[in-house]
Each structure stands twice: as structure tokens, then as C-alpha cells.
Amino acid sequence: MLDDSIFEALFDAIPFGIYVVDVNYREVVYVNQAFKQAIEHKPGLKCWQQIYQQDQPCLFCKIPELVNGSGKPNGKVVVFEYFNDTNDCWYQLQESAMVWHDGRVVKYSISVDISQLKEVQNSLAEAHAELALKNRELEKLANLDRLTSLNNRLKLDEIHLQEVQRAERFNHPCSIMLLDLDNFKEVNDQYGHQMGDSVLINIAGLLKANLRKVDTVGRWGGEEFLIICPETSTQQCVFLAEKLRQALENYNHGTAQCTGSFGITGYIPGDRPETMVRRADNALYLAKHAGRNCVRVIDSNNLIPLREIPG
Ligand SMILES: Nc1nc2c(ncn2[C@@H]2O[C@H](COP(=O)(O)OP(=O)(O)OP(=O)(O)O)[C@@H](O)[C@H]2O)c(=O)[nH]1
């Protein structure tokens with residue numbers, strides 16, 4: 001059997017706190033120099049009293065994992081982290097069982113204060129969470145029109161493609177409408193660009209308020225908006241456009257007044273988003289040509305060859 005002074009000299013040389021517990025009686029039989037700086041060793045106390053200031057065995061006690069059926073060390077080393085709320089510190093503990101110099105089976109725990117590491121880990125986790133949040137915000141901003149907070153053209157293109165694919169795949173109707181404000185230049189010229197901006201913002205709100213959740217509205221260009229209506233026939237879309245047209249006409253922007261012209265088309269097998277937009281644009285042209293503040297449709301029943309659109 002080894003002399004106890006050799007054990008103690010070995011453990012005292014280690015710069016981390018070490019304590020040794022009798023696995024049968026759970027008494028703290030030894031603490032090394034480094035550990036003495038944190039805890040005053042009172043022989044005879046149980047480990048949960050001495051180390052953890054508890055009045056009953058710890059629920060996380062690892063001793064059963066460190067000995068075999070006959071109570072002998074099984075050679076296993078367990079590593080775990082523990083937050084000690086008596087001093088607000090995080091520790092990493094490495095524990096294993098061994099035969100002490102007097103023949104008793106003991107558990108030794110090497111305890112390292114990892115509070116600073118935890119602080120860094122927490123700051124890192126916070127930084128990651130913040131970054132993910134900022135990324136989400138950026139992603140959102142990349143898809144939004146700055147003035148009106150509606151979808152921008154990029155996002156409209158993406159959604160329109162999805163809806164065209166869905167219409168094709170499931171043979172469902174899908175309609176779009178282009179809305180162009182009438183004589184908007186006059187609003188700017190008469191009341192100033194700022195008033196023009198606030199009219200655009202009001203109209204964005206009005207459009208959102210009058211559409212279904214499944215519809216998509218976005219700013220297509222300056223004073224032009226695109227509305228994508230899945231599961232909607234051109235007839236239903238005309239009905240919706242008429243409702244929007246009247247809402248626009250009756251909207252009170254203060255001094256400025258503004259109406260809109262609407263061009264509508266529906267998905268025709270083989271369409272791509274561009275071909276649909278081109279037809280809606282032609283329908284819009286017909287609405288402007290008819291005197292503005294009205295709705296026009298080009299669908300499969302009245303397809304007009306491009307060269308016949310008055311230009
Ligand atoms: N205030 C403001 N005006 C804009 C914005 N984008 C485009 N416009 C204005 O919208 C007006 C569009 O003018 P036009 O293309 O001649 O069309 P319009 O005056 O609406 O006439 P019609 O479309 O033919 O009825 C221009 O005066 C642009 O400066 C914007 O973000 N804010």
C-alpha cells in the first residue's frame with residue numbers, strides 16, 4: 001500500500017481543485033491544496049454537505065456509475081458540468097473511482113472553474129442568435145419595397161413563378177392584375193413628391209386591407225402594383241379589381257385624389273410569369289386607352305395578338 005503522503009503530494013501538485021470521497025460512506029476523506037482555497041475541509045462531513053451545502057445526497061451523484069457490482073472501481077471516467085449556485089460559478093468535473101492508500105474505495109473529483117469559458121460561450125450563443133435575427137431582418141428587407149413595405153419586384157417574381165407552377169401542376173386557375181395609378185404625375189406636380197409618396201403608402205395599405213391572405217400584392221414599379229390571385233378565375237379577379245377600383249376612387253388622401261386602371265389576365269397552359277405579365281400589361285393599356293379608372297381583361301377568350309394592341 002502506498003504511503004498517504006505520496007498520494008497527497010501527487011494531488012497537491014495539481015493546480016485544479018481535487019476532493020476525494022469514500023464511495024460507501026460518502027465522507028470527504030481528502031481535499032488538495034487548490035481545493036482548500038475554495039472550501040474549508042471539515043473531516044467527517046458527507047460530500048453533499050461539505051461540497052454542495054445540501055442536506056441530502058445529490059441527485060446527480062456519479063458514484064454508482066464508477067464502481068462495479070462488487071463495489072470496486074470500474075475504470076470509468078465521467079465528465080460533466082455543474083453550476084454551483086452558492087458561489088455562482090460553473091465547474092467542469094472529471095470523476096473516477098480508485099483504491100485509496102488505506103484500502104478504501106474512493107471517488108476522486110477534479111474540478112475546474114469554467115465560469116469564464118461559460119461566459120464566452122454564452123456571449124457567442126447570444127451573438128449567433130442576434131446574427132440569425134439580423135439575417136432574417138435583412139432577408140425580409142431584401143424582399144420589401146422600401147417606401148410602401150409591400151413585396152418588391154424580386155419577391156413578386158418568385159411568388160408568381162411558384163403560383164404559375166402550382167396552376168400548371170394542379171390545373172388550377174390563377175389570375176393576376178396590374179394596377180397603374182392614373183395621372184400620378186399630376187399628383188406629384190401639383191402637391192409635391194412627398195404627397196405623392198404618402199398617396200402610394202395609403203394605396204399600399206388599402207390594397208392589403210382589401211385582399212385575401214393568399215393573394216400577393218407588391219410594387220411592380222413607380223406607381224404600378226402587381227396583384228397575384230391564386231385559385232381565382234379572371235371573372236372573380238374582375239370582381240375584385242372593380243372593388244379595388246371603387247375603393248381607390250373613394251379613398252380620401254386629403255387634397256390629392258387618385259384613381260387607378262386595371263389590367264387582368266388568367267393563367268393559360270404553357271404560360272410563364274413573363275407571358276402573363278405581358279398580357280396583363282396589354283389589358284392595362286386597353287384600360288388606359290378606354291379613358292382610365294376602369295378594368296380590362298385579356299384572357300383565353302379574347303387573346304389579342306400583340307401587334308393589334310394600340311400603341
Ligand atoms: N411620389 C412618387 N412618385 C413616383 C414614384 N414612383 C414613380 N412616381 C411618379 O409617377 C409618375 C408616373 O407618371 P406617368 O408614367 O406619366 O404616368 P401617370 O402620370 O400616372 O399617367 P397614366 O399612367 O398615363 O395615367 C411620375 O411622375 C413619377 O415620378 C414614387 O416612389 N414616389
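Per chain, residue numbering runs from 1 following the sequence as it is written. Side-chain atom pairs in this predicted model are given and counted only at pLDDT of 80 or more, local residue features only at pLDDT of at least 70, and totals for whole chains, interfaces and linings cover all residues. The side-chain quantities take in all heavy atoms of the structure and omit both hydrogens and water.

Taking an unreviewed UniProt entry as the reference, the protein is identified by name as diguanylate cyclase belonging to Zooshikella harenae. The annotation that UniProt attaches to the protein under Catalytic activity (unreviewed entry) is "2 GTP = 3',3'-c-di-GMP + 2 diphosphate". UniProt positions are given in the numbering used here, feature names are shortened, and annotations may be inferred rather than shown by experiment.

So, on to the environment of Gln33. To qualify as a helix, a DSSP run of H or I must reach at least 4 residues; to qualify as a strand, a run of E must reach at least 2; elements of each kind are numbered from the N terminus. Within the secondary structure, Gln33 sits in helix α2 (residues 33-36). On the basis of relative accessible area, Gln33 is assigned to the partly exposed category, the value being 43%. The sequence separation of Gln33 and Ile18 amounts to 15 residues, and the corresponding C-alpha distance is 8.2 Å. Only protein chains enter the accessibility calculation, which uses a 1.4 Å probe; a residue is then buried when its area is under 20% of its type maximum, exposed when over 50%, and partly exposed in between.

It is worth spelling out the side chain of Lys62 at this point. Residue position: Lys62 is located in the loop between α3 (47-50) and α4 (63-66). Positive charges come from Lys and Arg, negative ones from Asp and Glu, while His and the chain ends are left out of the count. Salt bridge, as used here, is a side-chain nitrogen of Lys or Arg placed within 4 Å of a carboxyl oxygen of Asp or Glu. Although Lys62 is buried, it forms no salt bridge, and the closest oppositely charged side chain is Glu65 at an N-O distance of 4.5 Å. Contacts are residue-level and defined by heavy atoms, with any inter-residue pair within 4.5 Å sufficient. Residues contacting Lys62, with those up to four places away along its chain left out, are Val78, Phe80 and Glu95.

Attention shifts here to the UniProt feature "coiled-coil region" (unreviewed entry) in the protein. When the UniProt feature table is mapped onto this chain, "coiled-coil region" (unreviewed entry) is found at residues 117-144. The straight-line gap between the two end C-alpha atoms of residues 117-144 is 40 Å; of that span, 93% is helix and 0% is strand.

Attention shifts here to the sheet that holds strand β2 (residues 28-31). Taken together, the 5 strands give an open sheet; going across it, the order is β2-β1-β5-β4-β3, and neighbouring strands pair in antiparallel fashion. Each of the sheet's edge strands pairs with one partner strand only, and the pair in question is β2 and β3 (78-84). The mean inter-strand angle of the sheet, taken between neighbouring strand axes irrespective of direction, is 25°. Two strands qualify as a pair provided that DSSP identifies no fewer than 2 bridges between them. In this sheet, strand β4 (residues 89-99) lies alongside β3 in antiparallel orientation, the contact comprising 7 bridges. Of the residues in β4, the one forming a bridge with Tyr82 is Tyr91. Simply put, an axis is a line fit to the C-alpha atoms, just over the touching stretch for a helix, and the angle between two N-to-C directions goes from 0 to 180 degrees.

This part takes up the state of the cysteines. A covalent bond between the sulfur atoms of two cysteines is what we call a disulfide. In plain terms, two cysteine sulfur atoms within 2.5 Å form what is called a disulfide here. Inspection of the entire model under this criterion finds 0 disulfides. No disulfide involves Cys61; its nearest neighbouring cysteine sulfur is the one of Cys47, lying 6.1 Å away. Of the cysteine sulfurs around Cys237, a residue in no disulfide, the closest is that of Cys229, at 4.2 Å. Residue class for Cys237 comes out buried when judged on its relative accessible area of 0%.

Below, the discussion takes up helix α8 (residues 193-209). To estimate the expected span of a helix, subtract one from its residue number and multiply by 1.5 Å. The end-to-end C-alpha separation of α8 is 24 Å, in line with the 24 Å expected for 17 residues at 1.5 Å each. Packed against the buried residues of α8 are β6 (174-181), α7 (184-191), β7 (216-221), β8 (224-230) and α9 (234-250).

Before going further, it helps to examine the site of the ligand. Neighbouring residues of the ligand: 17 residues in total, closest Asn183, Phe184, Asp197, Arg219 and Lys288. Polar contact criterion, stated in full: a pair of N or O atoms within 3.5 Å, where within protein one must be able to donate a hydrogen and the other to accept it, and residues adjacent in sequence count only if both atoms are side-chain atoms. Within the side chain of Glu223, one N or O atom sits 3.4 Å away from an oxygen atom of the ligand. Calculation of accessible area relied on Shrake-Rupley with a 1.4 Å probe; when residues are assessed, cover is drawn exclusively from the protein chains displayed. Considering the ligand on its own, with 660 Å² of exposed area, one finds that the protein chains cover 68% of that surface. At the level of secondary structure, the elements contributing two or more residues to the shell around the ligand comprise β6, α7 and α8. As a working rule, the residues Ala, Val, Leu, Ile, Met, Phe, Trp, Tyr, Cys and Pro are called nonpolar, Asp, Glu, Lys and Arg charged, and the rest polar, with Gly in that last group. Within the shell around the ligand, the residues separate by chemical class into 4 nonpolar, 5 polar and 8 charged. Residues are labelled near a given molecule or strand when at least one of their non-hydrogen atoms is within 4 Å of it.

What follows concerns the packing of aromatic side chains. To pair, rings of Phe, Tyr and Trp, with the six-membered ring standing in for Trp, must have centres within 6.5 Å; the planes then decide the type, stacked if under 30 degrees apart, edge-to-face if over 60, and tilted in the middle. Counted by the stated rule, this structure contains 10 aromatic pairs. With a centroid separation of 6.2 Å and an interplanar angle of 15°, the aromatic rings of Phe11 and Trp100 are classed as stacked. Of this pair, Phe11 sits in helix α1 (residues 4-12) while Trp100 sits in the loop between β4 and β5 (105-113); the two residues are 89 residues apart in sequence, bridging distant segments of the chain. For the pair formed by Phe11 and Trp100, the shared burial category is buried. For the pair Phe60 and Tyr82, a centre-to-centre distance of 4.9 Å together with 40° between the ring planes defines the contact as tilted. Taken as a pair, Phe60 in the loop between α3 and α4 and Tyr82 in strand β3 lie far apart in primary sequence, 22 residues in all.

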